[in-house]
Amino acid sequence: MTDNEDQVAGLLLAAGGGRRLGGHPKALLRHRGLTLVEHAAGVLRTAGCTRVHVVLGARADAVREQADLEGCVLVDNPEWERGMGTSLRAGLDSLAGTAAAAAVVLLVDQPGIGAQAVGRVLAAYRDENSLASAAYDGVRGHPVLFGRAHWAGIAESATGDRGARAYLKAHQQDITLVECADVARPYDIDTAADLVHLE
């Protein structure tokens, strides 16, 4: 736990339809006895986020029904089919009315990233101008922390499946990289072959 848990909200992007998984929403895949969306929300909480917003899209009703997300703010993204950028925008928009000074963004399909990695990135928070990212052997990955001062710029540039990539590239010199390769594995659950990672 850091002193920052109230200032930094957790933002979980869980809207994807799992197109390459035969249309099975990733949020509902099971890992260690939980749905992936429950697992990831738990990771954010364990890392110290007292406020967690979860962006839902594909089969949102089924996710609400099957996943225990009590205490989380559930955000619907009706445009989820247009890519992750729409989910990032919806999530940041939902946080705009809160007192959060920053958001740490986690993707639902990366169960190899646990609370230790999220906690390290959280610890890089300084103020609403903060910009930090987990790195794996020096390569930028998730989770990513965005100070509130960056939200409008990120929302403006978030298109398709690129999310914040263009914004981060333009602000590369401002990003604090936090090495996490020793505590997390940043694989994605994208295809049937990736399902071997689920326990």
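If you're wondering where the values come from, they're calculated on a predicted model, not measured in any experiment.

**Here we look at the overall build of the protein chain**
Reasoning step 1: If you tally the helices and strands in the protein chain, you get six helices and nine strands.
Reasoning step 2: Relative to the compact-globule value of 16 Å for 199 residues, the protein chain shows a C-alpha radius of gyration of 15 Å, a close match.
Reasoning step 3: For the protein chain, the C-alpha atoms occupy an extent of roughly 40 × 35 × 30 Å along the three principal directions.
Reasoning step 4: Looking at the protein chain as a whole, 54% of its 199 residues qualify as buried.
Reasoning step 5: The long-range fraction of contacts in the protein chain, counting pairs at least 24 apart against all pairs at least 6 apart in sequence, stands at 69%.
Reasoning step 6: Here the protein chain displays about 9100 Å² of accessible surface, and carbon together with sulfur accounts for 47% of that area.

**Focus: the environment of Arg82**
Reasoning step 1: One can find Arg82 in the loop between strand E5 (73-76) and helix H3 (84-95).
Reasoning step 2: Classification of Arg82 as exposed rests on a relative accessible area of 53%.
Reasoning step 3: In this structure the C-alpha to C-alpha distance between Arg82 and Asp161, which are 79 residues apart in sequence, comes to 7.7 Å.

**Let's talk about H3**
Reasoning step 1: An ideal rise of 1.5 Å per residue puts 16 Å on twelve residues; H3 measures up with 17 Å between its terminal C-alpha atoms.
Reasoning step 2: Taken together, the buried residues of H3 touch strand E1 (8-14), strand E4 (52-56), E5, strand E6 (102-107), strand E8 (139-147) and helix H5 (151-157).

**Re the pattern of salt bridges**
Reasoning step 1: Considering all chains together, one arrives at seven salt bridges under this definition.
Reasoning step 2: Here Lys26 and Asp109 are joined by a salt bridge, their closest N and O atoms 2.8 Å apart. Taken together, the positions of Lys26 in the loop between E1 and strand E2 (30-31) and Asp109 in the loop between E6 and helix H4 (115-122) put the pair 83 residues apart, joining distant regions of the chain. A single burial state applies to Lys26 and to Asp109, both of which are buried.
Reasoning step 3: Residue Arg120 pairs with Asp182 through a salt bridge whose shortest N-O separation is 2.7 Å. Of this pair, Arg120 sits in helix H4 while Asp182 sits in the segment after strand E9 (176-179); the two residues are 62 residues apart in sequence, bridging distant segments of the chain.
Reasoning step 4: By relative accessible area, Asp182 is classed as exposed at 57%.

**Thoughts on the nonpolar core**
Reasoning step 1: Ranked by size, the top nonpolar core spans 46 residues in total, and within it Leu12, Val37 and Val118 carry the most contacts.
Reasoning step 2: If you list the elements that add at least two residues to this core, you get E1, helix H1 (36-47), E4, helix H2 (60-66), E6, H4 and strand E7 (131-136).
Reasoning step 3: Among the elements that line this core, the one with the most residues is H1, at seven residues.
Reasoning step 4: Excluding residues that lie within four positions of it along the chain, Val37 makes contacts with Leu12, Ala14, Ala27, Val54, Val63, Ala67, Leu69 and Val108.
Reasoning step 5: Membership of the second largest hydrophobic core comes to 24 residues, among which are Leu92, Leu95, Val144 and Trp151.

**Digging into the packing of H1 against H4**
Reasoning step 1: Running from N to C, H1 and H4 cross one another at 50°; their axes reach a closest spacing of 8 Å. Between H1 and H4, the angle is such that the two are oblique. You can see that H1 and H4 cross each other, and the crossing is right-handed. Contacts between H1 and H4 involve Val43, Leu44, Thr46 and Ala47 from the former and Ala115, Val118, Gly119 and Leu122 from the latter.

**As for H1**
Reasoning step 1: In this model H1 runs 16 Å from its N-terminal to its C-terminal C-alpha over twelve residues, within 8% of the 16 Å that 1.5 Å per residue would give.
Reasoning step 2: By the criterion of burial, H1 is predominantly enclosed, with nine of the twelve residues buried.
Reasoning step 3: If you check which residues of H1 are buried, you get Leu36, Val37, Glu38, His39, Ala40, Ala41, Val43, Leu44 and Ala47.
Reasoning step 4: Positive backbone phi, at 120°, marks Gly48, one or two positions downstream of H1.

How each quantity is defined
- Residues numbered from 1 in each chain as written.
- Predicted model: local features only at pLDDT ≥ 70, side-chain atom pairs only at ≥ 80, totals over all residues.
- Heavy atoms only, no water.
- Helix = DSSP H or I, 4+ residues; strand = E, 2+ residues; numbered from the N terminus.
- Rg over C-alpha atoms; globule rule 2.2 N^0.38 Å.
- Buried < 20%, exposed > 50% of the residue type's maximum accessible area, 1.4 Å probe, protein only.
- Contact = heavy atoms within 4.5 Å.
- Areas by Shrake-Rupley, 256 points an atom, 1.4 Å probe, with all protein chains shown as cover.
- Expected span 1.5 Å × (residues − 1).
- Salt bridge = Lys/Arg side-chain N within 4 Å of Asp/Glu carboxyl O.
- Core = buried A, V, L, I, M, F, W, Y, C linked by side-chain atoms within 4.5 Å.
- Axes fitted to C-alpha atoms, helices over the stretch in contact; angles between N-to-C directions.
- Parallel < 35°, antiparallel > 145°, perpendicular 65-115°, else oblique.
- Left-handed = near helix turned anticlockwise from the far one by under 90°.

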